[in-house]
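# Topology and contacts: notes
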Amino acid sequence: MKRLALYILLELFTSQLYATEYAVVINKNIESLHLGQIKAFFLKKTSYLGNEPIVPINLSSRNLIRISFEKKVLHMSFTRLKSYWTKQHYLGHRPPISMKSQASVKAFIENVDGAIGYMELKKVDGDLKIVYKWSD
Amino acid sequence: MLKKMLIVLVLVSALFGEEYQEDSGYNLGEGAQIGTLPIYIGGYFSVDYKYKDSKSRYRIDDLAFLAYGNYNKLSYMAEFEFKELYTFSEETSGFATKQDTSLHVERLYADYNFNENYMLRGGKYNSQVGFWNLLPINVLRDTTSNPISTYIIFPKFTTGLYASYTSYSEGDLKIDIMLQHNNDIDPSYNNYIIDEYYALGITYSKDAFEVKLNLGMFDNYMQNNTTQNLYYILASMKYEIEKLQVMSEVGTQSATDGFTTEYAGYLQAVYHLSEKHAAILRLESYDDKFNDTQDDIAIFGYTYRPLYPVALKAEYQFHSISLQNQFLFSFSVLF
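Just so it is clear, the structure is predicted and the values come from calculations on it, not from any experiment.

### Regarding helix H5 (residues 102–111) of chain A
Residues and elements named next belong to chain A. Listing the buried residues of H5 in full gives Val-105, Lys-106 and Ile-109. What you see down the axis of H5 is that its buried residues fit within an arc of 100°, all on one side. Every exposed residue of H5 that faces more than 90 degrees away from the buried side is listed here: Ala-103 and Asn-111. If you follow the buried residues of H5, they end up packed against strand S1 (21–27), strand S4 (55–59), strand S5 (97–99), strand S6 (115–120) and strand S7 (128–135).

Structure below.
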């Protein structure tokens, strides 16, 4: 019994140890955001924070970080998002633009006021502001 | 006629297959941009078949074109549609055909987004009432038919102003105000002929739940050239998770001298058997005093979407007025 308890504790510890951490990051000129606003920007329910335009950036559609972001932050699967964006086309809204690499997302956010994206936590440096964190 | 419809169906399915999408980089159902201009174009069409009381009807129902875009805080939407472009009806005594080549203005509006909370719209738009009326086209709805309550209680379209306030927090709160004090841009394309319409809506959504309440008043032009003030209230709810969506709308409409529709509503469940297949059950009931009709309806539907913007739908409706029992099938595409 002791062995089993020890094994479970060890499993829990190692799964936490090796869980990849991610962050939603923004240009330093933006004030803090809460989760409801992050979802609203990536689903294009709004494109403004106060009077400032916000530019959400996705990674490409099969990217594992994007899949994790959609599941853990937006709480939507790939299929459900496909249907969501088809409906948005009828309503006159476009999905966020996509970039192929975290490096491109980082460079874009650093240089464009109002840009918001996500990446692995270890890739974030002092040029970006973290507004939300999650892990797999 | 059926053969022609099948040929169209096969050709369009082949054209818009997944290989085509991946090779061309075009995503079906998301439109296309004109160069680098802020103009996106797209459209949709649907064909349907109905069998009721030993009569068959084949129809090219919708063929519509969209253009939209945005520039800074301004955005626009234009939608033009051929409605019931071609109808072929067949019964034991013979057949009849009908063509309507008039192009209708379905939506034509401009939006101005003041900030993340406030938006103002001017033009003709889908009345922001309930959930069904926001996405009313065949390919985006779950069944070929529309619930009765979505076209007898309130005007489907408004030509005038629309203002909204939205607060994004742990739950989203939205307040809608609609005002019309002029003629419809295209009065032949609305379920009521109106020149005055005032309405209010409040929506609250949190996680998988969304609830909404709409109140409104409008002038209805009658056939004898008189007008009638009509008042309505509609309550709606939606619950949506990965596999299941449950949606309901219940409303009532009255004139100054009493109910015109005592009640009308539906409860619909959509269960996604897989990514491409869905089973639908809808229960409807209404009591329309104006037309002196009361009916209870159970609808069993099945939808196959080879790709999300392509829908093949079949449904059977059981009515308490048994002559109204019917089978419907449709094929629709958003492009």
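### Some points on the confidence of the model for chain B
All names here are of chain B. When pLDDT is averaged along chain B, the result is 92; 93% of the residues meet or exceed 70. In the predicted structure, residues 13–24 sits below a pLDDT of 50 and forms 11 contacts with residues beyond four places in sequence or in another chain. Complex prediction metrics read pTM 0.88 and ipTM 0.90.

### Thoughts on the nonpolar core
Counting residues in hydrophobic clusters, the biggest one holds 36 residues, and the most contacted among them are Tyr-44, Val-139, Ile-153, Val-333 and Leu-334 of chain B. Listing elements by their share of this core, those giving two or more residues are strand S2 (40–52), strand S3 (55–71), strand S4 (74–91), strand S8 (157–168), strand S10 (197–206), strand S12 (227–240), strand S17 (310–319) and strand S18 (326–334) of chain B. Discounting chain neighbours no more than four positions away, the residues touching Tyr-44 of chain B are Asp-62, Ala-64, Ile-137, Val-139, Ser-332, Val-333, Leu-334 and Phe-335 of chain B. Formed by 24 residues, the second largest nonpolar core is a distinct cluster that contains Ile-26, Ile-57, Ile-65 and Met-119 of chain A.

### Focus: the interface of chain A and chain B
Contacts between the two partners involve 20 residues from chain A, matched on the other side by 24 residues from chain B. At the level of secondary structure, the elements contributing two or more residues to the side of chain A that touches chain B comprise helix H2 (35–42), strand S2 (48–49) and helix H4 (78–91) of chain A. Considered class by class, the residues forming the side of chain A that touches chain B number 5 nonpolar, 11 polar and 4 charged.

### Observations concerning H4 of chain A
Residues and elements named next belong to chain A. With 14 residues, H4 should cover 20 Å at 1.5 Å per step; its first-to-last C-alpha distance of 20 Å lies within 8% of that length. Among the residues of H4, Lys-82, Trp-85, Thr-86, His-89 and Tyr-90 are the ones counted as buried. For H4, the angular spread of the buried residues around the axis is 155°, confining them to a single face. Phi turns positive, to about 90°, at Gly-92, one or two residues after H4.

Cut-offs and rules
- Residues numbered from 1 in each chain as written.
- Chains lettered and ligands numbered in written order.
- Predicted model: local features only at pLDDT ≥ 70, side-chain atom pairs only at ≥ 80, totals over all residues.
- Buried ≥ 20, exposed ≤ 12 C-beta atoms within 10 Å, placed from the backbone.
- Helix = DSSP H or I, 4+ residues; strand = E, 2+ residues; numbered from the N terminus.
- Arc of directions from axis to C-beta.
- Contact = placed C-beta atoms within 7 Å.
- pLDDT = per-residue confidence, 0-100.
- Core = buried A, V, L, I, M, F, W, Y, C linked by C-beta atoms within 7 Å.
- Nonpolar A, V, L, I, M, F, W, Y, C, P; charged D, E, K, R; others polar.
- Expected span 1.5 Å × (residues − 1).

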